[in-house]
Amino acid sequence: MQKNLPQDWSQWLLPEWGKPYFLQLEQFVDSRYAQATCYPPQDKIFEAFRLCPLPQVKVVLLGQDPYHEPGQAHGLSFSVPEGVKLPPSLRNIYKEIESDTGTAQPTSGNLTRWARQGVLLLNATLTVEHGHAGAHAKRGWEQFTDQVISVVSSRVPHAVFMLWGSYAQKKASLVDANRHLVLQSAHPSPLSAYRGFFGNHHFSQANHFLASHGITPIQW
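What counts and how
- Residues numbered from 1 in each chain as written.
- Predicted model: local features only at pLDDT ≥ 70, side-chain atom pairs only at ≥ 80, totals over all residues.
- Heavy atoms only, no water.
- 1 Å grid on protein atoms, 1.4 Å probe; cavity = no way out; pocket = protein on both sides within 12 Å on 5 of 7 lines; lining within 4 Å.
- Points joined across faces, edges and corners; volume = space filled by probe spheres on them.
- Helix = DSSP H or I, 4+ residues; strand = E, 2+ residues; numbered from the N terminus.
- Nonpolar A, V, L, I, M, F, W, Y, C, P; charged D, E, K, R; others polar.
- Buried < 20%, exposed > 50% of the residue type's maximum accessible area, 1.4 Å probe, protein only.
- Pairing = 2+ DSSP bridges.

K.L.:
Explanation requested: the layout of surface pockets in the structure shown.
P.N.:
Where empty space is left becomes clear once a probe the size of a water molecule has been rolled over the atoms. The space that makes up the largest pocket amounts to roughly 700 Å³. Gln64, Asp65, Tyr67, Phe78 and His187 are the residues nearest the centre of the largest pocket, which is lined by 39 residues in total. It is helix α7 (residues 165–169) that contributes the most residues to the lining of the largest pocket, four residues altogether. Considering only residue class, the lining of the largest pocket consists of 22 nonpolar, 15 polar and two charged.

As structure tokens, this is what we get:
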């Protein structure tokens, strides 16, 4: 595994590397990448951290695991590279942004522009296998990314945590709600978007919270 975390993250997450769970996780991931088609590319596993330094985190947008079809996953939750068809969940995210903020829906699904503004696009599980959603779940990634959430909660003065769907909402206990804004709703997937994701106004709420603390809002 290419553990290419930038320094601002590694100084807080480095202790995880030596723990038994992570050593087992690393062995598992290396073996699966050697034997099967896995996503994202190994040099993109920690892309979310590279593009969004810890001191710049404003929003944490939590997904479950990477897309599992060719060419989609590139290390950022909900995001796809330029030229790739918009996945249904991302299409619904764009619809809610347009309804909530008036921002026109873009044609590109590449959310690098969000990451560079301080949106940590974090999946709970950072790797997956072709055609098998959740293939690398419960192997240790969740323990690592729970620590990431805890680090943001403790080291960033004020941030917004967007937790969509029951899986993400279980992470709310890791966040200090006295300092941060925790936004919860249904997931944007087609199966649940009409059960509370549409109309949640999370994007305007996030920007209002950031502005109220003197932090530049996100250009969604």
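K.L.:
Looking at this structure, how should I read the pairing of strand β2 (residues 59–63)?
P.N.:
Each regular strand carries side chains that alternate between the two faces of the sheet. A large share of β2 lies buried, amounting to five of its five residues. Where β2 lies against strand β3 (residues 119–123), five bridges are found, and the strand directions are parallel. Bridge assignment links Leu62 to a residue of β3, and that residue is Leu122. Relative to strand β5 (residues 160–164), β2 runs parallel, the two being bridged by four bridges. In the strand pairing of β5, Leu62 is matched with Leu163.

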